[in-house]
Amino acid sequence: MSEHHDPVPATLKPRRDEAVAAQGDSVIRAEGLGKTYREGKLNTPVFDGLHLDVYAGETVAIIGASGAGKSTLLHLLGGLDVPTAGEVYVDGHRMSKLSDRARGALRNRALGFVYQFHHLLPEFTALENVMLPALLTGQAVDGDKRGKPPTVAEVEPKARELLESVGLGHRLQHKPGELSGGERQRAAVARALVNRPACVLGDEPTGNLDDRTAATVFDLMLDLNRAQRTSLVLVTHDRSLARRLDRVLELHEGKLREVAPSSV
Ligand SMILES: Nc1ncnc2c1ncn2[C@@H]1O[C@H](COP(=O)(O)OP(=O)(O)OP(=O)(O)O)[C@@H](O)[C@H]1O
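Computed from a predicted structure; not experimentally measured. (Residues numbered from 1 in each chain as written. Predicted model: local features only at pLDDT ≥ 70, side-chain atom pairs only at ≥ 80, totals over all residues.)

This part takes up the site of the ligand. As a structural note, the neighbourhood of the ligand is formed by Tyr-37, Glu-39, Thr-44, Val-46, Gly-64, Ser-66, Gly-67, Ala-68, Gly-69, Lys-70, Ser-71 and Thr-72. Elements with a minimum of two residues in the shell around the ligand: strand S1 (26-39), strand S2 (42-55) and helix H2 (70-77). With three residues, H2 is the largest single contributor of residues to the shell around the ligand. Each residue belonging to the shell around the ligand can be placed in one class, and the counts come to three nonpolar, seven polar and two charged. (Near = placed C-beta within 6 Å. Helix = DSSP H or I, 4+ residues; strand = E, 2+ residues; numbered from the N terminus. Nonpolar A, V, L, I, M, F, W, Y, C, P; charged D, E, K, R; others polar.)

What follows deals with the confidence of the model for the protein chain. In this model, the protein chain carries a mean pLDDT of 86, and residues with pLDDT of at least 70 account for 87%. Within the protein chain, strand S4 (residues 85-90) carries the highest mean pLDDT (97), whereas helix H1 (residues 16-22) carries the lowest (40). Contacts for the low-pLDDT stretch residues 1-23, under 50 throughout, to residues beyond four places or in other chains number 12 contacts. Across the whole predicted complex the pTM is 0.85, and at the interface the ipTM reaches 0.98. (pLDDT = per-residue confidence, 0-100. Contact = placed C-beta atoms within 7 Å.)

Attention shifts here to the pairing of strand S9 (residues 247-252). Of the strand pairs in this sheet, strand S3 (residues 59-63) and S9 are connected by four bridges, and their pairing is parallel. Each bridged residue has a counterpart across the sheet, and for Ala-61 the counterpart in S9 is Val-248. Relative to strand S10 (residues 255-259), S9 is paired through five bridges, and the arrangement is antiparallel. In the sheet register, Val-248 faces S10, and the bridge partner there is Val-259. In this antiparallel pair of consecutive strands, S9 and S10, the connection spans two residues, and Glu-253 shows a positive phi of 50°. (Pairing = 2+ DSSP bridges.)

This part covers helix H7 (residues 211-228). The first and last C-alpha atoms of H7 sit 26 Å apart over 18 residues, in line with the 26 Å expected at 1.5 Å per residue. Every buried residue of H7 is accounted for by Val-217, Phe-218, Met-221 and Asn-225. Taken end-on, H7 shows its buried residues confined to a sector of 100°, consistent with a single buried face. Every exposed residue of H7 that faces more than 90 degrees away from the buried side is listed here: Arg-212, Asp-219, Asp-223, Arg-226 and Ala-227. Looking at the buried side of H7, the elements it contacts are S3, helix H6 (181-193), strand S7 (199-203), strand S8 (231-235) and helix H8 (239-242). (Expected span 1.5 Å × (residues − 1). Buried ≥ 20, exposed ≤ 12 C-beta atoms within 10 Å, placed from the backbone. Arc of directions from axis to C-beta.)

With that settled, consider the sheet that holds S7. Read across the open sheet, the six strands follow the order S6-S7-S8-S3-S9-S10; overall the sheet is mixed. Whereas interior strands pair on both sides, the edge strands pair on one side only; in this sheet they are strand S6 (111-115) and S10. Taken over all neighbouring pairs, the strand axes of this sheet differ in orientation by 20° on average, direction set aside. In the sheet, S6 pairs with S7 via five bridges, with the strands oriented parallel. Note on S7: the bridge partner recorded for Tyr-115 is Asp-203. Contacts from H2 reach S3, S7, S8 and S9, with the element oriented near 150° to S8. (Axes fitted to C-alpha atoms, helices over the stretch in contact; angles between N-to-C directions.)

The next point concerns the environment of Thr-44. Along the chain, the position of Thr-44 falls in strand S2. For the pair Thr-44 and Leu-201, spaced 157 residues apart in the sequence, the C-alpha separation amounts to 24 Å. Not counting residues up to four positions away in its chain, the partners in contact with Thr-44 are Thr-36 and Tyr-37.

We now examine the nonpolar core. Membership of the largest hydrophobic core comes to 66 residues, with the highest contact counts inside it found for Ile-62, Val-130, Leu-163 and Val-233. In terms of residue count, H6 provides more of this core than any other element does, six residues in total. Ignoring sequence-local partners within four residues, the contact set of Val-130 consists of Ala-159, Leu-162, Leu-163, Ala-187, Ala-190, Arg-191 and Val-194. (Core = buried A, V, L, I, M, F, W, Y, C linked by C-beta atoms within 7 Å.)

This part covers the packing of helix H4 (residues 126-135) against H6. Following both chains from N to C, one finds H4 and H6 inclined at 25°, their axes separated by 7 Å at the closest point. Considered as vectors, H4 and H6 are oriented roughly parallel to each other. Relative to H6, H4 is oriented so that their crossing is right-handed. Every residue of H6 that contacts H4 at Ala-126, Asn-129, Val-130 and Pro-133 is listed here: Ala-187, Ala-190 and Arg-191. (Parallel < 35°, antiparallel > 145°, perpendicular 65-115°, else oblique. Left-handed = near helix turned anticlockwise from the far one by under 90°.)

Right, let's get into the sheet that holds strand S5 (residues 93-94). Overall, antiparallel pairing links the four strands, which are arranged S2-S1-S4-S5 in an open sheet. At either margin of the open sheet sits one strand with a lone partner, and together these are S2 and S5. Pairing of S1 with S2 involves 10 bridges; the strand directions are antiparallel. In the sheet register, Ile-28 faces S2, and the bridge partner there is Val-54.

Written out as structure tokens, the structure is:
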């Protein structure tokens, strides 16, 4: 058998991160992802060798028993924590290759976060809270060029529109302490979407609400995600919510496996 020669000179081959960006459809990719918490002599291995692609516009649930590592995985996907093995690509960018500042800029531009607790800033109104991530854009992810941050006048219409679409058009000037729990969560959803992120990451975003309010907020998230064609990765204990998403991934004993939504 003749020896195989690769016809493409090495210098012309795409770099790994370019190759991922070229795939276009994958907004988040995890390759060989592993996390072991290390504190002194105590090692807590959570998972290793996980592979995951989140494609544009799809909704993905991550389920698993308490302590399985769901929040850990979400933090790694969102660049909020650093893996001990493997790599995460967000919007084609290799997270480990970015400076802290560039990683923060990418997170703000490409990802939205919604947690069980709203994390709205108490001293700002609902409108200001939703505008904030938009006002912080304009920082470069690559290279040293920095874009100009937008002005309040530029971002306000989008923030108002989003607050109206989550049913808070009449609460724009209320501070978080003057909103109900469901209203606060809806404001947090609006905030997560203001930069038209490629993907929203949700960690039990409705876990703190009564069933009815949870259903309203969850429906809103799905509607808005679909309208904006934003991907959604949702950690949830609630299997009735999980089965309404396009794909369900179960984290079990350090491995991630896909299960049929109808079976959860
Ligand atoms: N900072 C940390 N240091 C050491 N161990 C940690 C740390 N954070 C989490 N762990 C451990 O890692 C494992 C996974 O935690 P994680 O919070 O990701 O689980 P989870 O699946 O989200 O759980 P739950 O559903 O209960 O929120 C747990 O056993 C936890 O004790």
